[in-house]
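# Summary of the model geometry
Listed below are the residues making up each chain.
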Amino acid sequence: GMSGACLFVVMLTHSRGGALAAAAVLLMLLIHSKRRTLVFLFLLAASLPGLYLVRNTYFDRLATIEHYEEDGASLSRIAHYKIALQIWAEHPLTGVGIGEQNYFTASTPFLRELDAEDIGGLVVHNSHLQMLVHSGIFAALIHLCLFAGAAWMMWRSSRRLARTHPGLEYYPRAIELSIIGYLAARVTQPRATFDFAYTVAMYAAAWYAIEKSL
């Protein structure tokens, strides 16, 4: 029931990044499951009501991924991806400083060169580039390793517990899938400062301590 409700809410947002995150989590659910066909049919059934209700607008929105050149929002994001990389090349170690206003100021000359000042005042819709341009290469790598490492740690924990304490493996698996969903959403969303993601990372640290005490 919760899975179906979550899928429905993601569809209601019409977010392409949300769809990407949901797809990543659903794929991992199938990979982890021993009864993949049954799980697939359940997830398909759970998503059908939501798909039916938003079928026209939702699929039109997702279609812009394939035909991005016809979507103004997609083109502006691609332009900012390129600008973010140019800004980072000028400040590779430290970035321009945390805060969107710093990026707005640094991006202005590049927008003038592209004669694209009408898309000024927009953030970089990619958390990896966001961290890179705000804080530099070292902070971006540490930031990525924090979440990727936590997901890897929870994956290994779930495999161990499936052998030693059957039934407890669902806890680290839930944390792992939450982090994977976040990492997938980061590709198209400016979520480098999303506070709840750090809470989930702390779940991983807490679970690591709990497992050691078993």
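What comes next is a walk through the structure. (Residues numbered from 1 in each chain as written. Predicted model: local features only at pLDDT ≥ 70, side-chain atom pairs only at ≥ 80, totals over all residues. Heavy atoms only, no water.)

Helix and strand counts for the protein chain stand at nine helices and zero strands. Each helix and strand of the protein chain, placed in order from N terminus to C terminus, yields the pattern α-α-α-α-α-α-α-α-α. By residue count, 38% of the 214 residues in the protein chain fall in the buried class. A separation threshold of at least 6 residues defines the contact pool for the protein chain, and within that pool the share at least 24 residues apart is 71%. For the protein chain, the computed accessible surface area is about 12,500 Å², with 67% contributed by carbon and sulfur atoms. (Helix = DSSP H or I, 4+ residues; strand = E, 2+ residues; numbered from the N terminus. Buried < 20%, exposed > 50% of the residue type's maximum accessible area, 1.4 Å probe, protein only. Contact = heavy atoms within 4.5 Å. Areas by Shrake-Rupley, 256 points an atom, 1.4 Å probe, with all protein chains shown as cover.)

For the rest of this paragraph, the subject is the side chain of S127. With respect to the element layout, S127 can be found in helix 7 (residues 127-164). Within polar-contact distance, the side chain of S127 engages the backbone nitrogen of R191 at 2.6 Å. (Polar contact = N/O pair within 3.5 Å; in protein donor to acceptor, adjacent residues only side chain to side chain.)

The next subject is the packing of aromatic side chains. Taken as a whole and judged by the stated rule, the model has seven aromatic pairs. Members of the aromatic cluster, connected to one another through ring pairs, are F147, Y182, F194, F196 and Y198. (Phe/Tyr/Trp six-rings, centres within 6.5 Å; stacked < 30°, edge-to-face > 60°.)

A cluster of nonpolar residues, F8, L12, Y52 and L53, forms a patch on the protein surface that exposes about 420 Å² of accessible area. Elements represented by at least two residues in the nonpolar patch include exactly helix 1 (2-13) and helix 3 (36-53). On the accessibility criterion, L12 (45% relative accessible area) is partly exposed. (Patch = residues over 30% accessible without salt bridge, like charges linked within 9 Å, V, L, I, M, F, W, Y side chains within 5 Å. Salt bridge = Lys/Arg side-chain N within 4 Å of Asp/Glu carboxyl O.)

F147, M154, I175, I179, I180, A204 and W207 are the most contacted members of the largest nonpolar core, which has 21 residues in total. Broken down by secondary-structure element, the contributors of at least two residues to this core are helix 2 (16-32), helix 7, helix 8 (170-186) and helix 9 (195-213). Among the elements that take part in this core, helix 8 stands out by supplying eight residues, more than any other. (Core = buried A, V, L, I, M, F, W, Y, C linked by side-chain atoms within 4.5 Å.)

Note that S178 resides in helix 8. Counting along the chain gives 27 residues from S178 to A151, while the straight-line C-alpha distance between them is 8.6 Å.

Time to look at the pattern of salt bridges. Summed over all chains, the structure comprises one salt bridge. Two residues, R160 and E211, come together in a salt bridge whose shortest N-O distance is 3.0 Å. Within this pair, whereas R160 is found in helix 7, its partner E211 is found in helix 9, the two being separated by 51 residues in sequence. Here R160 falls in the partly exposed class, since its relative accessible area comes to 28%. Of the residues examined, E211 reaches a relative accessible area of 14% and is grouped as buried.

Interpretation in functional terms is not warranted from these geometric data alone.
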